[in-house]
Number of protein chains: 2
Amino acid sequence: MVRGIEGRKARILKAIIEDYILTAMPVGSRTISRKYETNLSSATIRNEMSDLEELGYLAQPHVSAGRVPSHKAYRLYVDDLLGASFPEDGSAREYFSRQVRQMEDVITCAAHALSEITRYTAVVMMPKQLDLRISCLQLVPMPRGNALLVIVTDTGAIQDTVIRVSEALDGDALYAISRMLTERLAGRTLKEVQQMLGAYSRQGGADARVLQGIAALAAQMERQNATDTLTVGGAHNILNYPEYSDVEKARAFLSVLEGREKLMDLLSRSQSPFTVLIGPETGIDEMRDCSVVTASYQVGAGHRGAIGVIGPTRMPYMKVLSALSAVGNTLTEMLGETIL
Amino acid sequence: MVRGIEGRKARILKAIIEDYILTAMPVGSRTISRKYETNLSSATIRNEMSDLEELGYLAQPHVSAGRVPSHKAYRLYVDDLLGASFPEDGSAREYFSRQVRQMEDVITCAAHALSEITRYTAVVMMPKQLDLRISCLQLVPMPRGNALLVIVTDTGAIQDTVIRVSEALDGDALYAISRMLTERLAGRTLKEVQQMLGAYSRQGGADARVLQGIAALAAQMERQNATDTLTVGGAHNILNYPEYSDVEKARAFLSVLEGREKLMDLLSRSQSPFTVLIGPETGIDEMRDCSVVTASYQVGAGHRGAIGVIGPTRMPYMKVLSALSAVGNTLTEMLGETIL
DNA sequence: GTTAGCACTCGACGGTCGAGAGTGCTAACA
DNA sequence: TGTTAGCACTCTCGACCGTCGAGTGCTAAC
């Protein structure tokens, strides 16, 4: 324990917190005396607990119940943990074995991995990327007068869509068009492309469809990249914990997850390397019994994304930090490989 | 009501079912007398209800509670509905406005639409496609020595992945390779491609990476298409209904949704145009208080997929059928356009 | 065939009571 | 001065009980 509390008191507080994390039940003096501080009697523990309560670290649901750690106690406990080092969860990488297509897939994969490792709700945020520039543009022939329009940006982001083209165009013709388009559009930002093509396609003509398709795809791509993307995994893991055995509370919690704004806000407050928000610190009423543990990860040059775990305040922070650390590193690695 | 029950009894039973659907509370004789059959006294209704109970259409939770429809009653009610015509939900199309990339996106979109319209859990199944043949194969240049490998099949399915290539290869070179590969591989099944390339890539050499990439992508594509794909939307809508106000039940329900096998089974029993499985008919214990309403939709030539809604037995079947009908048709249309 | 009336049943609700858990306080002890 | 045993006290929880009200089934009259 960092400060404010010395040796024995600190040990007792820690024991109470850890027992409460395991059992979710108010911890009595006798439990501590038997399981943790076997050389002290329950009466002694009681005196210490009484002190700790006065200091604001413990609370009693009612007079004849045991003690429950306060948010202040968790704060102390977590700050202590964050100062120490913790092992990286070795099993994390296994969860990434599935097919990974591009950024979005990696993100989704990470969210699932994190929620499966921790058994809590996981959130992964991908930072927005502004002013993407087109690096390449290609039409791939498809059956029956369709073509797949693929746009690749300088950052390696990919977006594609199926458009209709004249049936007369074969692969070579489509490639010729692709080449010409790439020549004219490479290096332009998505916004510029939209403006340029807006003018063209209003003229109508044979290949207006292609140009319209490009403009639409560019617009969509920009829209998608201008906002931070957020993925949630294991949303209903929360039902596994007695804190949310009340359906109303669980529903409220899940609603917050659905309306992404508040989550965004939480993750954007993530600082490097780890941030822990406990209960009321989240600023979200439906999460007053939750903690949010976040870590940031590196995406290419300078961009930072964030990953986080949301669970009851009474969560095994050590394990969660290990998992976050592992998933965050894996993420940085994978995104470095495929994208940067 | 189709058979077994004549005029007034049928009307009363219908009234009971519809009231129960609205309120989720046992329906008393007085309620029916006042709200539905105002020209009959509650005593008369009581007599009829007593008959209906003897016939197995109603049940009493306890002697002084009202009556609750049995599964047999729902069966009758639903069979009656299925015989009639119902309006198509006009608002369905609005939900499809988002970006739609290819089959998977359409499926996801449909699941969300369906769950938002009905406020229940929606499932959408895409049928497996065996023996896909390659129609085109193309490498799109990406920054920093990467390329996007795109495979298009004759059915219009698309799969892509990022692979590393020699930095010396520019767009034209990649197109030349693409052309050659397409020439050699077009018309082959994914399995054949894997076999052919397995041999090549073992030889090593400069472009072994490309061939390996193709083989891997083909393998993945086949894996993905060989199994039916399933998407679930609005899973936790179930929490909105008093039938699942017990967290344990809700959890069990959500677990069934996660382990997809049982869902697959349910959807594969879907017959054209609509199928309704009531409570125990689902064969899933965790869903004994649920009904599953499914519809099938057309995917291209001959293939049929299925969409479904899962909610409490006491659901407004009429509305659900309307929604299914609308989403199913939209789906057929969209897949017809872009894929077929 | 329908209805009013009435006795009856059963769950929901609120109150009471005893058991058990855990506390705080006090006094004795090292 | 710190630790501990002992004890009275408080509070929750489950069991039990009586009341209330909803809804039924039955009977007799229309």
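Described below are features of the structure shown in this document. (Residues numbered from 1 in each chain as written. Chains lettered and ligands numbered in written order. Predicted model: local features only at pLDDT ≥ 70, side-chain atom pairs only at ≥ 80, totals over all residues. Heavy atoms only, no water.)

## Points about the overall build of chain A
Okay, so step 1: Scanning chain A for helices and strands turns up 11 helices and 10 strands.
Okay, so step 2: Taken over the C-alpha trace, chain A has a radius of gyration of 27 Å; the compact-globule value for 340 residues is 20 Å, which it surpasses by more than 25%.
Okay, so step 3: Projecting the C-alpha coordinates of chain A onto the three principal axes gives extents of approximately 90 × 40 × 30 Å.
Okay, so step 4: Within chain A, the proportion of its 340 residues that are buried is 53%. (Helix = DSSP H or I, 4+ residues; strand = E, 2+ residues; numbered from the N terminus. Rg over C-alpha atoms; globule rule 2.2 N^0.38 Å. Buried < 20%, exposed > 50% of the residue type's maximum accessible area, 1.4 Å probe, protein only.)

## Thoughts on the relation of the copies chain A and chain B
Okay, so step 1: At an RMSD of 0.2 Å, chain A and chain B line up after a rotation of 180 degrees and a shift of 0.1 Å along the axis. The relationship between the two copies is best expressed as a two-fold rotation axis. Considering only C-alpha atoms, the part of chain A nearest the rotation axis is V247(A), at 3.1 Å.
Okay, so step 2: Same-surface contact between copies: 100% of interface residues of chain A are shared with the interface of chain B. (Least-squares fit on C-alpha atoms with pLDDT ≥ 70 in both. Contact = heavy atoms within 4.5 Å.)

## Some points on the side chain of Q138(B)
Okay, so step 1: By secondary structure assignment, the location of Q138(B) is in strand β4 (residues 134-142).
Okay, so step 2: With residues near it in sequence (within four places) discarded, Q138(B) still touches Q138(A), L139(A), V140(A), P141(A), Y175(A), L148(B), L149(B), V150(B), Y175(B) and S178(B).

## Structural notes on empty space enclosed by the protein
All names here are of chain B.
Okay, so step 1: Scanning the model with the defined rule gives 1 cavity of 30 Å³ or more in all.
Okay, so step 2: Computed from the structure, the largest cavity encloses a volume of approximately 30 Å³.
Okay, so step 3: Contributing to the lining of the largest cavity are Q129, L130, D131, L132, E222, N225 and A226.
Okay, so step 4: Each residue belonging to the lining of the largest cavity can be placed in one class, and the counts come to 3 nonpolar, 2 polar and 2 charged. (1 Å grid on protein atoms, 1.4 Å probe; cavity = no way out; pocket = protein on both sides within 12 Å on 5 of 7 lines; lining within 4 Å. Points joined across faces, edges and corners; volume = space filled by probe spheres on them. Nonpolar A, V, L, I, M, F, W, Y, C, P; charged D, E, K, R; others polar.)

## Considerations on the pattern of salt bridges
Okay, so step 1: Applying the stated criterion to the full structure yields 30 salt bridges over all chains.
Okay, so step 2: Across the pair R179(B) and D172(A) runs a salt bridge, and its minimum N-O distance is 2.7 Å. Taken as a pair, R179(B) in helix α6 (residues 171-185) and D172(A) in helix α6 (residues 171-185) lie in two separate chains rather than in one.
Okay, so step 3: The partner of D285(A) in a salt bridge is R288(A), with the nearest N and O atoms 3.3 Å apart.
Okay, so step 4: Through salt bridges with shared partners, a single ionic network connects R8(A), K9(A), E48(A) and D51(A). (Salt bridge = Lys/Arg side-chain N within 4 Å of Asp/Glu carboxyl O.)

## Notes on the protein's contact with DNA strand C
Okay, so step 1: Close contacts around DNA strand C come from 21 residues, with S29(A), R67(A), R8(B), T44(B) and V63(B) the closest.
Okay, so step 2: A share of 78% of the atoms of DNA strand C within 4 Å of the protein falls on sugar and phosphate groups.
Okay, so step 3: Note that a phosphate oxygen of DNA strand C is positioned 3.1 Å from one of the backbone N or O atoms of S41(B).
Okay, so step 4: In this structure, a base oxygen belonging to DNA strand C sits 3.4 Å away from a side-chain N or O atom of R46(B).
Okay, so step 5: Considering each element in turn, the surface near DNA strand C owes the most residues, 4 residues, to helix α3 (residues 42-54) of chain B.
Okay, so step 6: Partitioned by chemical class, the residues of the surface near DNA strand C number 6 nonpolar, 11 polar and 4 charged. (Near = heavy atom within 4 Å. Polar contact = N/O pair within 3.5 Å; in protein donor to acceptor, adjacent residues only side chain to side chain.)

## Some remarks on the interface of chain A and chain B
Okay, so step 1: Facing 45 residues of chain A, the contacting portion of chain B comprises 45 residues.
Okay, so step 2: Buried surface at the junction of chain A and chain B, summed over both partners, amounts to about 3600 Å²; 57% is from carbon and sulfur atoms.
Okay, so step 3: Between chain A and chain B we count 2 salt bridges in total.
Okay, so step 4: Applying the counting rule to chain A against chain B returns 10 residue pairs in polar contact (both at pLDDT 80 or more).
Okay, so step 5: At the level of secondary structure, the elements contributing two or more residues to the side of chain A that touches chain B comprise β4 (134-142), β5 (146-153), β6 (158-164), α6, α8 (208-226), α9 (247-258) and α11 (317-338) of chain A.
Okay, so step 6: With 7 residues, the top contributor of residues to the side of chain A that touches chain B is β4(A). (Buried area = accessible area lost by both parts, 1.4 Å probe.)

Structural measurements only, silent on function.
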